[in-house]
Amino acid sequence: MSDPVSSPDASALSDETFIERGRRGYRATMLALFLGAFSTFALLYCVQPMMPIFSHAFGIDAARSSLVLSVATASLAVGLLFTGALSDAIGRKGIMVFALLSASICTLAAALMPGWGGVLVMRALAGLSLSGLCAVAMTYLGEEIAPRFVGVSMGLYIGGSAIGGMGGRLISGVLVDWLHWRWVLGIMGVISLITAALFIRLLPPSRHFTPRRLSFSNLLEGFRLHFRDAGLPWLFLEGFLLMGSFVTLFNYIAYRLLEPPYHFSQAVVGLMSIVYLSGIYSSAWAGAVADRRGRPQVFWVFIGVMAGGLAITLMSPVWAILVGMLIFTFGFFAAHSVASGWVGQRATQARGQASSLYLFSYYLGSSSAGTLGGVFWRWHQWPGVVLFIGLLLTCALVVALRLKRVSGVG
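Summarised in this report is the structure supplied together with it. Remember, it's a predicted structure, so these values are computed and weren't measured experimentally.

## Considerations on helix H4 (residues 67–90)
Residue pairs three or four apart in sequence face the same way in an α-helix, which turns once every 3.6 residues.
Consideration 1: With 24 residues, H4 ought to run about 34 Å at 1.5 Å a step, and its terminal C-alpha atoms sit 33 Å apart, in line with that.
Consideration 2: Positive backbone phi, approximately 115°, marks Gly-91, located one or two places after H4.

Here it is in structure tokens:
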């Protein structure tokens, strides 16, 4: 006999037990999750604009410098294989709180490491810690928010991740022109500790969580259940392709803009993270559109938007590069919002594990494609990187069109 699923049948619950948009508790819940997403992605991506600084400080090339992000996302991906199932057994909020606090401490420790190896170890531990929030927040939303508001709420949560990614890059990119990179990492750790305290205070405890006994057999059964599904494995693959494309672009655009003919300062490159504002809007907007029109009908369009923005970055004028980044970012967050909400809708059992598998693929794409992009940069600089990302997006579009033909997916 299998154990209870991770959330009870929604039809058996009174509508009043769900958190609904416009009612008491919704704003506090969404603010807490917004802050959690902000802190997670600020810690994860604050190192990205500092990659050229690390190259100079430790005498390493672009591909090796990219490991400061890739080891964090790789360990995060590995952690996601277990934290989702763990949350199905012991609950949601406690794991998320531990994740934020421990990742903050690891970031502070990274600032104190004397060598590159030590920095990478602390970054790996920070990524492993953050898997606890990444895996569980999406599941918490799917369980606690009224079903008709899940799409827009997921979009708001992903909007928090967009602001976190932008804020982490923006703060570190600007500060590193004035402060040593160690001080910058320390400041990011302190900011994260403050947001963790607010998260603890604001987020209500779970009301729809039903424990599922943690065992190896249940873990394997969850894997079998999700990979037998007609749609979920393709959605996991989409996470890999989309995030791999996104991280690769932002990993190497800084190297392009720091070199001739642009010679931008590190602060100016960091300020270009303002393009994330388009993702903050598109994530919530796309979730609402998908709720109305159906995910299969809109998902592939957003991937096409990413491809269009990528093509524009091949132009030389700075304004064209910025517009291309803006369009690419808009499309990415829209597509990610739709795909992540889709996984939560598609999975009816072991939802924490389903979310974890999607995000495992997502961050595996970040770590592997983000570093592999450095090979294409060495080969043919920015045109080589664009070719690599273009191949990833072509595969993503093919998979999206296949998902349209899978019955019951949307």
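## Quick look at the pattern of salt bridges
Consideration 1: Counted according to the given criterion, the structure contains 1 salt bridge.
Consideration 2: Residues Asp-61 and Arg-378 are paired through a salt bridge, measuring 3.8 Å at the closest nitrogen-oxygen approach. In this pair, Asp-61 is assigned in the loop between helix H2 (51–58) and helix H3 (62–65) and Arg-378 in helix H15 (residues 351–403), connecting sequence segments 317 residues apart.
Consideration 3: On the accessibility criterion, Asp-61 (35% relative accessible area) is partly exposed.
Consideration 4: Exposure remark for Arg-378: the relative accessible area of 52% places this residue in the exposed category.

## Some details on the packing of aromatic side chains
Consideration 1: Scanning the model with the defined rule gives 24 aromatic pairs in all.
Consideration 2: Ring geometry for Trp-285 against Phe-302: centres 5.9 Å apart, planes inclined by 65°, an arrangement best described as edge-to-face. Pair noted here: Trp-285 is in helix H12 (residues 276–293) and Phe-302 is in helix H13 (residues 295–312), with a separation of 17 residues, a long-range link.
Consideration 3: The exposure class of Phe-302 is buried, given its relative accessible area of 5%.
Consideration 4: One aromatic cluster in this structure is built from Phe-246, Phe-250, Phe-328, Phe-332, Phe-333, Tyr-358, Tyr-362 and Tyr-363.
Consideration 5: Its end group placed over the ring of Phe-250, Arg-169 keeps NZ or CZ at 5.2 Å from the ring centre.

## Here we look at the nonpolar core
Consideration 1: The biggest cluster of nonpolar side chains holds 126 residues, and the ones touching the most others in it are Leu-33, Leu-44, Met-96, Tyr-157, Phe-199, Phe-299 and Tyr-363.
Consideration 2: Among the elements that line this core, the one with the most residues is H15, at 19 residues.
Consideration 3: Excluding residues that lie within four positions of it along the chain, Phe-199 makes contacts with Ala-32, Leu-33, Gly-36, Met-96, Val-97, Leu-100 and Leu-133.

Calculation rules
- Residue numbers restart at each chain and count upward from 1, following the sequence in its written direction.
- Local features in a predicted model are, by the rule used here, given only for residues with pLDDT of at least 70; side-chain atom pairs are given and counted only at 80 or more, and totals for whole chains, interfaces and linings are based on all residues.
- In computing side-chain values, all of the structure's heavy atoms are included and hydrogens and water are not.
- Helix numbering and strand numbering both begin at the N terminus, where a helix is a DSSP run of H or I of at least 4 residues and a strand a DSSP run of E of at least 2.
- Here the expected span of a helix is defined as 1.5 Å times the quantity of residues minus one.
- When a carboxyl oxygen of Asp or Glu is within 4 Å of a side-chain nitrogen of Lys or Arg, the pair counts as a salt bridge.
- Burial here depends on accessible area, computed with a 1.4 Å probe over protein chains only, as a share of the maximum for the residue type. Under 20% is buried, over 50% is exposed, and the range in between is partly exposed.
- Here the aromatic set is Phe, Tyr and Trp, taking the six-membered ring for Trp, and pairing holds for ring centres within 6.5 Å; pairs whose planes are under 30 degrees apart are stacked, those over 60 apart are edge-to-face, and all others are tilted.
- Ring-over charges, as used throughout, are those where CZ of Arg or NZ of Lys falls within 6 Å of the ring centre and within 35 degrees of the ring normal.
- Nine residue types can take part in a nonpolar core, namely buried Ala, Val, Leu, Ile, Met, Phe, Trp, Tyr and Cys, and a core is a set of them joined through side-chain atoms within 4.5 Å.
- A contact between two residues is defined here by any heavy atoms of the two lying within 4.5 Å.

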